[in-house]
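Working through the structure, step by step
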Amino acid sequence: MSETNYSSSYKRTSFYKQIEKKSLTPLWEVMQDLVLPKPSSPCIPKIWKYDDIRKDILEAGDIISTEEAERRVLILENPGLLGTSRITRSLYAGMQLILPGETARNHRHTQTALRFVLEGSSAYTTVDGERTTMKRGDLVITPSWGWHEHGNDGDHPTIWLDGLDIPLVQFLDASFAEPYEDNTNQPLPKPEGDSIARYGSGLAPVDNPFDTLTSPIFNYSYSETRDALEKMKRNEKWDACHGLKMKYANPLTGDYAMPTIAAFIQLLPSGFMGQKYRSTDSTVFVCVEGEGKTIVNDLEINWTKNDTFVIPSWVQHSHNSYNSDAVIFSFSDRAIQQKCGLWRENRYGN
Ligand code: 1HN
């Protein structure tokens, strides 16, 4: 073989060995895997039926205490991302159980968290000095590095879905976490309802602006949200793909409620047959009310109350409700993608 024969595989293999020792590696062997012409996520579509997993979540209550576990959670791990504790490539999700009389101690970390309450009405969360009661359908958020603890004062278990930006923070190597001093409870300088009164009434304090990266409203109550949807619905301006879809907004900026995670609520009117849609943010959906199906290529995902399902980035899907209005909560990494100019969507199968 001539000196100039580029395709000599022997020459290449020995060259690769030579440079490997110097921590060098050839781009041309991997470039196609690094820069894809379109998203191709290892995340796969998947549903967790609440009826199927509820007994396992409750059984975890016999297996471990909140004291021992720190947080008693069953992770929803995407089968395409086994061993990674991820529901999508950038997001973590889990089902958390807190039994009557239990507490989950105060701590903080740089990961941002959301909780979407599925069952129970007697648990509470305290975030940075204010307590809130957690009722079904409430969205409770915890900012990066905010102190937070939970408890259940009632007679029934409470179960909620946690969503955190754990994989994103992991990727950036920006994780810090710490327990509260001597495992005590945090002080409660603010009365319950203070932040919603101060920031959720179309008012804002004149001075001392809040850290607006995360919304100062930390419990978006379902009764308010549901009422708003019901009133908006009278206008009948349905989006062909989404029905009536709203984002949870920071009232001070109009941006998403959290800097990294976008959260949404949508109402599909009875008998809605959505058009095809895809976007670059892999999304976790939870059916809050009603029932229906989401068609994903050849797959039909049938969902009813409290079922959680995931649709990967850039996968075509369409939502359909059956014979009652359906309400769906969802969250994704759209908040961070849009800040980086990465987010794309398309409609109608284009
Ligand atoms: C966490 O702090 C909570 O506070 C839930 O309820 C899930 C998963 C990983 C790391 C921290 C909580 C978590 C978590």
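Just above sits the structure.
Overview of the structure. Keep in mind the model is a prediction, meaning the values are calculated, not measured. (Residues numbered from 1 in each chain as written. Predicted model: local features only at pLDDT ≥ 70, side-chain atom pairs only at ≥ 80, totals over all residues. Heavy atoms only, no water.)

1. Some points on the layout of surface pockets
To find leftover empty space, a probe the size of one water molecule is rolled over the atoms. One number sums up the size of the largest pocket: a volume of about 990 Å³. Lining the largest pocket are 26 residues, with Arg 89, Thr 280, Ser 313, Asp 333 and Gln 337 positioned closest to its centre. Elements with a contribution of two residues or more to the lining of the largest pocket: α2 (31–34), α5 (166–171) and α8 (334–339). Within the lining of the largest pocket, the residues separate by chemical class into 12 nonpolar, eight polar and six charged. Roughly 390 Å³ of volume is contained in the second largest pocket. (1 Å grid on protein atoms, 1.4 Å probe; cavity = no way out; pocket = protein on both sides within 12 Å on 5 of 7 lines; lining within 4 Å. Points joined across faces, edges and corners; volume = space filled by probe spheres on them. Helix = DSSP H or I, 4+ residues; strand = E, 2+ residues; numbered from the N terminus. Nonpolar A, V, L, I, M, F, W, Y, C, P; charged D, E, K, R; others polar.)

2. Some details on unusual backbone geometry
Here Glu 70, not a glycine, exhibits a phi torsion of approximately 75 degrees, which is positive. Looking at the element boundaries, Glu 70 is found in the loop between α4 (66–69) and β2 (73–75). Judged by relative accessible area, Glu 70 falls into the partly exposed class, the value being 23%. For Asn 183, which is not glycine, the phi torsion reads 55 degrees and is therefore positive. Of note, Asn 183 is situated in the loop between β11 (177–179) and α6 (194–199). (Buried < 20%, exposed > 50% of the residue type's maximum accessible area, 1.4 Å probe, protein only.)

3. Some words on the sheet that holds strand β17 (residues 292–296)
Strand order across the open sheet formed by three strands is β18-β17-β20, with antiparallel pairing between neighbours. Edge positions in the open sheet fall to β18 (299–303) and β20 (318–321), since each of these has one partner strand only. The sheet shows a mean angle of 20 degrees between the axes of neighbouring strands, taken without regard to direction. As paired elements, β17 and β18 share five bridges and run antiparallel to each other. Within the sheet, the bridge partner assigned to Val 296 lies in β18 and is Leu 299. (Pairing = 2+ DSSP bridges. Axes fitted to C-alpha atoms, helices over the stretch in contact; angles between N-to-C directions.)

4. Focus: the packing of aromatic side chains
One pass over the full model with this rule turns up 10 aromatic pairs. Taking the centre distance of 6.0 Å and the plane angle of 65 degrees together, the rings of Tyr 248 and Phe 329 count as edge-to-face. One end of the pair, Tyr 248, is in the loop between β13 (244–247) and β14 (262–268); the other, Phe 329, is in strand β21 (residues 326–332), and 81 residues separate them in sequence. The buried category is assigned to Tyr 248, whose relative accessible area is 4%. With a centroid separation of 6.2 Å and an interplanar angle of 10 degrees, the aromatic rings of Trp 303 and Phe 309 are classed as stacked. Looking at Phe 309, the relative accessible area reads 0%, which means it is buried. Here a set of aromatic residues connected by ring pairs shows up, and it is made of Phe 116, Tyr 220, Tyr 248, Phe 329 and Phe 331. Seen from the ring of Tyr 124, Arg 131 lies directly overhead, with NZ or CZ sitting 3.6 Å from the centre. A cation over a ring is seen here: Lys 247 above Tyr 256, with NZ or CZ 4.7 Å from the ring centre. (Phe/Tyr/Trp six-rings, centres within 6.5 Å; stacked < 30°, edge-to-face > 60°. Lys NZ or Arg CZ within 6 Å of the ring centre and 35° of its normal.)

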